[in-house]
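Descriptive structure summary
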Amino acid sequence: SSCSNSMEEAKLIVSRANVNIEQGKNVQINYSDNGVVRIQASGPTATRYNTEKPYLEFSDGIQILFYNQDHQIDSKLTAKYATAIENSKSMTARDSVVVVNNKGELLNTDELIWDEDKKIIYSNSFVKITTADEIIYGNGMMSNENFSDYTIKHITGKIKVKTSELE
């Protein structure tokens, strides 16, 4: 049956991968523009799988810092798990993904994709965004990397938290 074939294929892929696993502890990856570190990704464990499409797996969590021009942290992404396919310029963060920007706005989601080329982060899953005065629930969102300008694709609910004293 087709089921056993895919199982065999899966086993093959795994056994092939096991031959080519490199593991690093406390790994830090810097993404630079013209020698200036723009983004810093780090995790306690990174495993590189040298398959047909080599990829990195952060099995014990990841932290990604997005810096502005003055090398101050613009936003911070944390997740319990992440994978990055090499040379694809994208990373997928999963499980308790949290993004916080320098305004203190908070994004919670189960899965978030960071596209390095387009300089965006996006999710196709359930999202919760907490701002100073409201909590917004929705399905799917897209944002610039520093999470200062975001769009929720399908808003499912809003809760006013408190009225700002500035109003």
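Figured I'd write up the structure that's included with this text.

What counts as what
Residues numbered from 1 in each chain as written. Predicted model: local features only at pLDDT ≥ 70, side-chain atom pairs only at ≥ 80, totals over all residues. Heavy atoms only, no water. 1 Å grid on protein atoms, 1.4 Å probe; cavity = no way out; pocket = protein on both sides within 12 Å on 5 of 7 lines; lining within 4 Å. Points joined across faces, edges and corners; volume = space filled by probe spheres on them. Helix = DSSP H or I, 4+ residues; strand = E, 2+ residues; numbered from the N terminus. Nonpolar A, V, L, I, M, F, W, Y, C, P; charged D, E, K, R; others polar. Core = buried A, V, L, I, M, F, W, Y, C linked by side-chain atoms within 4.5 Å. Buried < 20%, exposed > 50% of the residue type's maximum accessible area, 1.4 Å probe, protein only. Contact = heavy atoms within 4.5 Å. Salt bridge = Lys/Arg side-chain N within 4 Å of Asp/Glu carboxyl O.

A short note on the layout of surface pockets
Its boundaries defined by the atoms lining it, the largest pocket holds a volume of some 260 Å³. If you trace the largest pocket, you find 14 residues lining it, with Arg38, Tyr67, Asn68, Gln69 and Glu145 closest to the centre. Looking at the lining of the largest pocket, the element that brings in the most residues is strand β2 (residues 36-49), giving four residues. Class assignment for the residues of the lining of the largest pocket results in five nonpolar, four polar and five charged. Volume-wise, the second largest pocket comes out at about 200 Å³. What lines the second largest pocket is a set of 13 residues, and nearest its centre among them are Tyr31, Ala84, Ile85, Glu86 and Asn87. Within the lining of the second largest pocket, the residues separate by chemical class into seven nonpolar, three polar and three charged.

Quick look at the nonpolar core
One recurring pattern in soluble globular proteins is that nonpolar side chains are buried together. In terms of nonpolar packing, the biggest core is built from 27 residues, with Ile62, Ile64, Leu77, Met91, Leu107, Leu112 and Trp114 touching the most fellow members. A total of four residues in this core trace back to one element, the largest contributor, which is strand β7 (residues 90-101). Non-local contacts of Leu112, meaning those with residues more than four positions away in its chain, are made with Leu77, Met91, Thr92, Ala93, Val97, Val99, Leu107, Ile121, Tyr122, Ser123 and Met141.

Looking at the pattern of salt bridges
Side-chain pairs of opposite charge can arise where the charged atoms are in close proximity. Scanning the entire structure with this criterion turns up seven salt bridges. For Arg38, the salt bridge is made with Asp33, and the minimal N-O distance between the two is 2.9 Å. Residue classification places Arg38 among the buried residues on the basis of a relative accessible area of 14%. We classify Asp33 as partly exposed; its relative accessible area is 34%. Here the salt bridges share partners, and the residues they tie into one network are Glu22, Arg48 and Glu86.

Some points on the environment of Glu116
Mapped onto the fold, Glu116 is located in the loop between β8 (106-115) and β9 (120-130). Of the residues examined, Glu116 reaches a relative accessible area of 16% and is grouped as buried. Residues Glu116 and Tyr31, 85 residues apart in the sequence, show an inter-C-alpha distance of 9.1 Å. Ignoring any residue separated from it by four or fewer positions in sequence, one finds Glu116 in contact with Tyr31, Arg38, Lys89 and Glu145.

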